[in-house]
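Examining the three-dimensional arrangement
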Amino acid sequence: MKRMLRGLVILLVLAGSAVFGMVPSAVNYQGYLTDDDGTPLDTTVAMTFNFYAFPNVLLWTETHAAVTVSDGLFHVALGETVALPDSVFRSELVYLGITVGSDAQMFPRTEVRSVPYALRVGTVDGASGGTINGGLSVGGINSLTNDGVFAAGSGHSVSQNGGSIAGGNSNTVSGVYGFIGAGVENVVIS
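A closer look at the confidence of the model for the protein
Mean pLDDT over the protein works out to 82, with 78% of the residues at or above the 70 mark. Contacts from residues 6-20, a stretch scored under 50 in pLDDT, to residues over four places away or in other chains number 29 contacts.

Okay, structure coming up:
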């Protein structure tokens, strides 16, 4: 029996986090499942969820073996069994494809859209306080191989804890707590 999904709603809602302040690693998804005649289903079905970059590049997939559907409604936490990295959402256009049981994947796929808080996090103006874990790169492509390092500019390489480069281009800090203020092709080994 062919099943239809109507009224798809992606809720990028906090799915809970074990540590306060961390970004949740799962995305809530809710939907409405009917048979071909539009009658809401009451069943348990396997469902596979795929995220694609436009036009057809598979970015991530996860199968839920037993999704409970009650009066047509169901919900799952995407990323619950297969890690859902943020890199999935770096493409400009991302689509969700859904397969129910052994049916073919539903068409059309659903475009993933943003939610208000995700739009706000796109900028950091007015930011105060907070902690950045890992290295921080501002500007062009910088190579940061340790936590607790900083580089502003482009083409820099920082490879030891506490190292930082405040500007310039193509500078290298390879010593602990080394620092370059600016310039081009400077090297600090401390």
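After that view of the structure, there is still more to cover.
Overview of the sheet that holds strand β4 (residues 57-69)
Spatially, the four strands line up as an open sheet ordered β4-β3-β6-β7, and their pairing is antiparallel. Of all strands in the sheet, those bounded by a partner on one side alone are β4 and β7 (110-111). Where strand β6 (residues 94-100) lies against β7, two bridges are found, and the strand directions are antiparallel. Paired with Y95 across the two strands is E111, which belongs to β7.

Remarks on the environment of N50
Topologically, N50 is positioned in strand β3 (residues 43-53). As for N50 and G97, which are separated by 47 residues in sequence, their C-alpha atoms are 5.0 Å apart. In this view, N50 contacts L58, W60, T61, Y95, L96, G97 and Q105; residues no more than four positions away in its chain are not counted. In terms of polar contacts, N50 uses its side chain to reach the side chain of T61, at 2.4 Å.

Here we look at the nonpolar core
Counting residues in hydrophobic clusters, the biggest one holds 22 residues, and the most contacted among them are Y29, L33, M47, F49, F51, F74 and L78. Mapped onto this core, the elements with two or more residues apiece are β2 (27-35), β3, β4, β5 (73-78) and β6. Those residues in contact with M47, other than ones at most four positions away along the chain, are E62, T63, H64, V67, F74, I98, T99 and V100. Counting residues in hydrophobic clusters, the runner-up holds six residues, among them V149, A151, V158 and I180.

Structural notes on the packing of aromatic side chains
Summed over the entire model, instances satisfying the criterion amount to five aromatic pairs. Aromatic side chains F51 and F89 sit 5.2 Å apart centroid to centroid with 75° between the ring planes, which places their arrangement in the edge-to-face category. With F51 in strand β3 and F89 in the loop between β5 and β6, this residue pair connects regions lying 38 residues apart in the sequence. On the basis of relative accessible area, F51 is assigned to the buried category, the value being 2%. A relative accessible area of 32% places F89 in the partly exposed class. Each member of the aromatic cluster is reached from another via a ring pair, and the members are Y29, F49 and F74. Positioned above the aromatic ring of Y52, the side-chain terminus of R109 is 3.5 Å from the ring centre.

A closer look at the pattern of salt bridges
Tallied over the entire structure, the rule returns two salt bridges. Of the charged contacts, one joins R113 and E111 as a salt bridge, the two residues approaching to 3.4 Å between their closest N and O atoms. Judged by its relative accessible area of 62%, R113 falls in the exposed class. The class of E111 is partly exposed, set by a relative accessible area of 32%.

Let's talk about the sheet that holds strand β11 (residues 157-158)
Ordered by their spatial adjacency, four strands build an open sheet running β9-β11-β13-β15, and the pairing between neighbours is parallel. Strand pairing shows two members of the sheet lacking a second neighbour, β9 (143-144) and β15 (187-188), which therefore form its edges. Bridge count for β11 against strand β13 (residues 172-173) is two bridges, and the pairing is parallel. From the neighbouring strand, V158 faces β13, where its bridge partner is V173.

What counts and how
Residues numbered from 1 in each chain as written. Predicted model: local features only at pLDDT ≥ 70, side-chain atom pairs only at ≥ 80, totals over all residues. Heavy atoms only, no water. pLDDT = per-residue confidence, 0-100. Contact = heavy atoms within 4.5 Å. Pairing = 2+ DSSP bridges. Helix = DSSP H or I, 4+ residues; strand = E, 2+ residues; numbered from the N terminus. Polar contact = N/O pair within 3.5 Å; in protein donor to acceptor, adjacent residues only side chain to side chain. Core = buried A, V, L, I, M, F, W, Y, C linked by side-chain atoms within 4.5 Å. Buried < 20%, exposed > 50% of the residue type's maximum accessible area, 1.4 Å probe, protein only. Phe/Tyr/Trp six-rings, centres within 6.5 Å; stacked < 30°, edge-to-face > 60°. Lys NZ or Arg CZ within 6 Å of the ring centre and 35° of its normal. Salt bridge = Lys/Arg side-chain N within 4 Å of Asp/Glu carboxyl O.

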